[in-house]
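Coordinate analysis (summary)
Okay, here's what each chain looks like letter by letter:
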Amino acid sequence: DQQVKQNSPSLSVQEGRISILNCDYTNSMFDYFLWYKKYPAEGPTFLISISSIKDKNEDGRFTVFLNKSAKHLSLHIVPSQPGDSAVYFCAASTIYGGSQGNLIFGKGTKLSVKP
Amino acid sequence: NAGVMQNPRHLVRRRGQEARLRCSPMKGHSHVYWYRQLPEEGLKFMVYLQKENIIDESGMPKERFSAEFPKEGPSILRIQQVVRGDSAAYFCASSLAIGEAFFGQGTRLTVV
C-alpha cells in the first residue's frame, strides 16, 4: 500500500522547456514534503522541501507546489537543462505532528532533458 | 564538513554469510535513517535511529536484520544469513533534527 505515489516512471523534456514532476499521497497526516534527485550509483541529493502551511516554495529554477485538498504536489523545473536528467523522488513525512519523522518515498520519475 | 559516509560501497556475500554495512552521519547529526532500494523500485524506509535508540523499525524485516547506532562510532546495519533477495542498494541518511535528510552514496550488496 503506497502512501506516496509517482505515477509517471519517466518524463522526457526538451532543453529550455518546463519539466513538471507529479506526486500524490494518501496519508493526510503528512505535513512535510521533499524532493530528491538521484544520479545512477549515487545517493539521493536533497533539492527542495515544503511544509503543509505553504502552497509554494521556490529555489532558483525549482518550484514545488502543494495542493493539500488534492493531496498532490508537483516539482517544476524551468528552464530544464540536460544536467537535470536524473531520477526524482518525492518524499513525505509527519514531522510537525510529532511523529518519528522518517521519510516515505515514491518510486521515482526518471527525467530526461534532451538538448 | 564531510557528508554522510557509507562503507563499503560494494559488498559481495555468499548466501548464509553476514553482511555489515556502516554509516557515519554528518558531523553533529544525531538522526540516522536506513533505506533499501531494490532494482526498479523506490527507496523503502527500514529503520530510524537516534544515538543508542531505535525510534522506528517498522520497515525492518522481522528476522535476520538489525541496526544500531552506538554512542561512539558509526551506525551499523547487520544482515545475518543473507539470501539472494537481500541484494539491493542500502542507503543511509542523517539529519540534524527532523527535516531534510542527507544521504550517503550507498552500499551495493550482492548476494551470490
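Source: prediction; values computed, not measured. (Residues numbered from 1 in each chain as written. Chains lettered and ligands numbered in written order. Predicted model: local features only at pLDDT ≥ 70, side-chain atom pairs only at ≥ 80, totals over all residues. Heavy atoms only, no water.)

A few words on the side chain of B:H31. Of note, B:H31 is situated in strand 4 (residues 31-37). Look at B:H31 and you get buried, because its relative accessible area is 8%. (Helix = DSSP H or I, 4+ residues; strand = E, 2+ residues; numbered from the N terminus. Buried < 20%, exposed > 50% of the residue type's maximum accessible area, 1.4 Å probe, protein only.)

So, about the sheet that holds strand 8 (residues 75-79) of chain B. Residues and elements named next belong to chain B. With antiparallel pairing, the 4 strands of this open sheet are ordered in space as 1-3-8-7. One side of each edge strand has no neighbouring strand; the edge strands of this open sheet are strand 1 (5-7) and strand 7 (65-68). On average, each strand axis in the sheet is inclined to that of its neighbour by 15°, with strand direction left out of account. The pairing of strand 7 with strand 8 spans 4 bridges and is classified as antiparallel. Residue pairing across strands places S66 opposite R78, the latter belonging to strand 8. (Pairing = 2+ DSSP bridges. Axes fitted to C-alpha atoms, helices over the stretch in contact; angles between N-to-C directions.)

Residues and elements named next belong to chain B. Position of N53 relative to the elements: it lies in strand 6 (residues 53-56). Taking relative accessible area as the criterion, N53 reaches 46% and is therefore assigned partly exposed. Residues N53 and L11 lie 42 residues apart in sequence; the distance between their C-alpha atoms is 26 Å.

Let us look at the layout of surface pockets. There is about 520 Å³ of room inside the largest pocket. Residue lining of the largest pocket: 23 residues in total, with A:V87, A:F89, B:Q37, B:E40 and B:E41 positioned closest to the centre. If you list the elements that add at least two residues to the lining of the largest pocket, you get strand 9 (86-93) and strand 11 (109-114) of chain A together with strand 9 (88-95) of chain B. Its residues assigned to classes, the lining of the largest pocket comprises 12 nonpolar, 5 polar and 6 charged. (1 Å grid on protein atoms, 1.4 Å probe; cavity = no way out; pocket = protein on both sides within 12 Å on 5 of 7 lines; lining within 4 Å. Points joined across faces, edges and corners; volume = space filled by probe spheres on them. Nonpolar A, V, L, I, M, F, W, Y, C, P; charged D, E, K, R; others polar.)

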